[in-house]
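# Breakdown of the fold
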Amino acid sequence: MLKLENINKCYNPGTVNENTIFQDFNLSIPSGQFMTIIGSNGSGKTSMLNLICGNIKPDQGKIVMDEENMTNMSEHARYKRMGRVFQDPAAGTCPSMTLLENLSLADNKNKAWNLTKAVNNQRIEFYQEKLKRVGLGLENKLDEIVGSFSGGERQAVALLMATITPIDYLILDEHTAALDPKAAETIMQLTAEIIEEQNLTTLMVTHNLKYALEYGDRLIMMHKGEILLDAFDQEKSQLILNDLLNKFFEISIEVGNAI
Amino acid sequence: MTILIGIFEQGLIYAVMALGLYITYVILDLPDLTVDGSFPLGSAVCVALIIAGVNPVLSLIISFFAGVVAGIITGIIHVKLGIRDLISGIIVMTGLYTINLLIAGKSNVPIFEATTIFNNDLLKQLPESFKQYRVLLVLIPIVILCKIALNRYLHTKSGLLLRSVGDNQNLITTMAKDPGNMKILGLALANGLVALSGAILAQQQRFFEASQGTGTMVMGLASVIIGIRLFAKIKLMSFPMKVILGSIVYKAIVAAAIALGLSANSLKLITAILLLIILLISEHGKKEKVQQYD
Ligand SMILES: Nc1ncnc2c1ncn2[C@@H]1O[C@H](COP(=O)(O)OP(=O)(O)O)[C@@H](O)[C@H]1O
Ligand SMILES: [Mg+2]
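## A short note on the overall build of chain A
Assigned secondary structure in chain A consists of nine helices and ten strands. If you line up chain A on its principal axes, its C-alpha atoms span 55 × 40 × 35 Å. Out of the 259 residues belonging to chain A, those deemed buried represent 53%. A fraction of 68% describes how many contacts in chain A between residues 6 or more apart in sequence connect residues 24 or more apart. Per element, the accessible surface of chain A, about 11700 Å² overall, is 47% carbon and sulfur.

Here's what the structure looks like:
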């Protein structure tokens, strides 16, 4: 169970750029839930994920993971149990290293970073199996530099790297948004498979309403740091695209501009 | 011939320093000015130890660790206290000037008679015709050892993590490690190598001089960039090897400039202009993406 309790967050307090993004924000995500998150630009989706991951700290309120208060836990310590994939495919890999080195790096998470060899040849077969599943032919590119890969390929690698060691939480921030439709589809399917297989508690921000409806067992819509719509299991499966569009339309009238 | 030998000697001694700069500048992507202080620190520590009768090889090893400490201090100032990287380096470099004087005793300390790695009973037994290669004979194995050690390290788990600092710092955080600690580790290693280089120079020139470190950073940077640029096409050559060759080429350019009539006093100006030209020629000026480490 992941809980955000009574969160207040204001960017640049006391300046002309002051921006109160969350006021008494609450959200709890039970273990094993796959939640999709939609919302207009600047509604605070990324900020919420950053609060969970420790990239930013709340001004007030608590972040609790499985009964443990981790509000003051450092960012890197939180990643012991979390994986995250960003919108930018470059953010999840090391461009100057080979695919094999990247996977070896990820594979060593939560283990000792000692003076033994970085690449364990006995793991190659395991990596190749994982890569084959992606269906992009990456299994034949182990010795190539990841910086030369396409966006879709890199994002597939980033996703595998984030989930190659056992984790409990997966944080996805528009991770298909920078990809062409075909690559986005590949990545989304791979994502769903991994989440299902490893039973990951997942928060997936997406700009793609179709994905938001099709995947996961809960959907929230955010606007100006608030949750406007929160649909679970049964209710979510009955949601249709028109519901979301209507809701978006309401917001856009309220704020007086188009989305 | 003597000029050529001199170029190789100087090139190899400073190559060890350039390997340190390779770690900070290329791998960590972090400009570190500590080196202008840790280079003479190595020299000061080494000279003080040799005067105290410590074995010359052991003196080198201790000098290395003195540099490690300097790097750790810069790292802590930068990472833990949040001071900008350049300023952190300048602070430690400035402080080291005094520390170096304290260690050495005064600003110029000769060790002309002392036994060093270049001046000992073993080398005295060399046949007369080999005597002029004496320094190279000692230097080459040392530099090769440094190169192999660095190469090996970069292929360990710890080395892999270090390499990802400059490549994608964010990724280290998601690997549940503190990127700040990796920076401190990198600065420690780098300054260790720089101090070792200073210690080797002290033994070769047989003195410590407080201003021995002036311009180290710029010189090292020039060597690193020359090496990486000049041998960019040779994919099979490891980066440390390119850096070592870069250092030798740099010394050759400087020697050529002096041979062409430029006075030794204008050396720093030559270096500065040279570095500017190199940076302008290489389009990014900055980091050449590290493609291969073998
Ligand atoms: N680090 C930051 N500093 C200042 N303002 C920020 C920062 N991050 C986000 N914001 C602001 O907070 C608001 C919410 O941003 P964000 O969480 O990125 O929204 P979303 O991901 O939903 O598009 C925006 O107005 C944005 O400009
Ligand atoms: Mg966002």
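## Quick notes on the sheet that holds strand E3 (residues 34–39) of chain A
Residues and elements named next belong to chain A. Strands sit in the order E6-E7-E8-E3-E9-E10 across an open sheet of six strands; the sheet is mixed. Sheet topology places strand E6 (82–85) and strand E10 (226–232) at the edges, where each strand pairs with a single neighbour. Each strand axis lies, on average, 15° off the axis of its neighbour in the sheet, ignoring direction. In this sheet, strand E8 (residues 201–205) lies alongside strand E7 (residues 169–173) in parallel orientation, the contact comprising five bridges.

## Some remarks on the nonpolar core
Counting 126 residues, the largest nonpolar core has Leu99 and Leu103 of chain A together with Tyr22, Leu60, Leu162, Ile200 and Val224 of chain B as the members making the most contacts within it. If one sorts the elements of this core by residue count, helix H1 (residues 2–27) of chain B sits on top with 16 residues. Among residues more than four places away in sequence, those in contact with Val224 of chain B are Ala18, Leu21, Tyr22, Val26 and Val243 of chain B. Ile7, Leu51 and Met222 of chain A together with Ala176 of chain B belong to the second largest nonpolar core, which has 28 residues in total.

## A short note on unusual backbone geometry
All names here are of chain A. You will see that Asn6, though not glycine, has its phi angle at about 50°, which is positive. Along the chain, Asn6 falls in strand E1 (residues 2–11). Given a relative accessible area of 41%, Asn6 falls into the partly exposed group. Non-glycine residue Asp66 carries a positive phi angle of around 45°. By the element assignment, Asp66 lies in the loop between strand E4 (60–65) and strand E5 (68–69). According to the relative accessible area criterion, Asp66 is partly exposed, its value standing at 30%.

## Some words on the interface of chain A and chain B
Contacts between chain A and chain B engage 30 residues on the former and 22 residues on the latter. Across the interface of chain A and chain B, roughly 2400 Å² is buried in total on both sides, 65% from carbon and sulfur atoms. There are one salt bridge connecting chain A and chain B. Summed over the shared surface of chain A and chain B, the number is ten residue pairs in polar contact (both at pLDDT 80 or more). For the side of chain A that touches chain B, the secondary-structure elements that each account for two or more residues are helix H2 (75–78) and helix H3 (99–107) of chain A.

## Re the site of ligand 1
Residues and elements named next belong to chain A. Near ligand 1 you find Tyr11, Asn12, Asn19, Ile21, Ser40, Asn41, Gly42, Ser43, Gly44, Lys45, Thr46 and Ser47, and these make up its full shell. At a separation of 3.3 Å, a nitrogen atom of ligand 1 approaches a polar side-chain atom of Tyr11. Measuring from an oxygen atom of ligand 1, one finds a backbone N or O atom of Lys45 at 2.9 Å. Here ligand 1, which alone exposes 560 Å², has 61% of that area covered by the protein. Among the elements that take part in the shell around ligand 1, helix H1 (residues 45–53) stands out by supplying three residues, more than any other. Looking at the shell around ligand 1, its residues break down into two nonpolar, nine polar and one charged.

## Thoughts on the sheet that holds strand E2 (residues 19–29) of chain A
Residue and element names in this part refer to chain A. Read from one edge to the other, the open sheet built from four strands follows the order E2-E1-E4-E5, with strand pairing classed as antiparallel. Edge positions in the sheet fall to E2 and E5, since each has one partner strand and no second. Against the sheet, H1 contacts E1, E2 and E4, and its axis sits at roughly 65° relative to E2.

## Things to note about the pairing of E3 of chain A
Residue and element names in this part refer to chain A. Of all the six residues making up E3, six are buried; the element is thus mostly covered by neighbouring parts of the structure. Residues of E3 alternate between two faces, with Phe34, Thr36 and Ile38 on one and Met35, Ile37 and Gly39 on the opposite face, all of them buried. One ladder, built from four bridges, connects E3 with E8; its direction is parallel. Across the sheet, the residue bridging to Met35 is Leu203, located in E8. Sheet topology places E3 next to strand E9 (residues 218–223); five bridges connect them, and they run parallel. In the sheet register, Gly39 faces E9, and the bridge partner there is Met222.

## Section: a nonpolar patch on the surface
All names here are of chain B. A cluster of nonpolar side chains, contributed by Ile72, Ile76, Leu81, Ile83, Leu86, Ile87, Ile90 and Ile91, occupies part of the molecular surface with about 610 Å² of accessible area. Taken together, the elements giving at least two residues each to the nonpolar patch come down to helix H3 (56–80) and helix H4 (85–104). Element by element, the count of residues in the nonpolar patch is highest for H4, at four residues. Inspection of the secondary structure puts Leu86 in helix H4.

## Looking at the pattern of salt bridges
All names here are of chain A. Overall, the coordinates contain 13 salt bridges over all chains when judged by the stated rule. Ionic pairing is found between Glu5 and Lys3, a salt bridge with its closest N-O pair at 3.9 Å. The exposure class of Lys3 is partly exposed, given its relative accessible area of 26%. Across the salt bridge formed by Asp107 and Arg123, the nearest N and O atoms sit 2.8 Å from each other.

## As for the confidence of the model for chain B
Residue and element names in this part refer to chain B. Per-residue pLDDT for chain B has a mean of 92; in total, 96% of the residues score no lower than 70. Ignoring residues within four places in sequence, the model shows residues 285–294, a span with pLDDT below 50, making 39 contacts including any to other chains. We note a pTM of 0.90 for the whole complex and an ipTM of 0.90 for its interfaces.

## A few points about helix H2 (residues 35–51) of chain B
Residues and elements named next belong to chain B. The end-to-end C-alpha separation of H2 is 24 Å, in line with the 24 Å expected for 17 residues at 1.5 Å each. A large share of H2 lies buried, amounting to 15 of its 17 residues. Backbone geometry just after H2 places Gly53 at a positive phi near 90°.

## Points about the environment of Gly39 of chain A
All names here are of chain A. Mapping Gly39 onto the fold places it in strand E3. Through-space distance from the C-alpha of Gly39 to that of Ile251 is 9.9 Å; in sequence the pair is 212 residues apart. Apart from the residues lying within four places of it in its own chain, the contact partners of Gly39 are Lys45, Met222 and Phe248.

Conventions we followed
Residues numbered from 1 in each chain as written. Chains lettered and ligands numbered in written order. Predicted model: local features only at pLDDT ≥ 70, side-chain atom pairs only at ≥ 80, totals over all residues. Heavy atoms only, no water. Helix = DSSP H or I, 4+ residues; strand = E, 2+ residues; numbered from the N terminus. Buried < 20%, exposed > 50% of the residue type's maximum accessible area, 1.4 Å probe, protein only. Contact = heavy atoms within 4.5 Å. Areas by Shrake-Rupley, 256 points an atom, 1.4 Å probe, with all protein chains shown as cover. Pairing = 2+ DSSP bridges. Axes fitted to C-alpha atoms, helices over the stretch in contact; angles between N-to-C directions. Core = buried A, V, L, I, M, F, W, Y, C linked by side-chain atoms within 4.5 Å. Buried area = accessible area lost by both parts, 1.4 Å probe. Salt bridge = Lys/Arg side-chain N within 4 Å of Asp/Glu carboxyl O. Polar contact = N/O pair within 3.5 Å; in protein donor to acceptor, adjacent residues only side chain to side chain. Near = heavy atom within 4 Å. Nonpolar A, V, L, I, M, F, W, Y, C, P; charged D, E, K, R; others polar. Patch = residues over 30% accessible without salt bridge, like charges linked within 9 Å, V, L, I, M, F, W, Y side chains within 5 Å. pLDDT = per-residue confidence, 0-100. Expected span 1.5 Å × (residues − 1).

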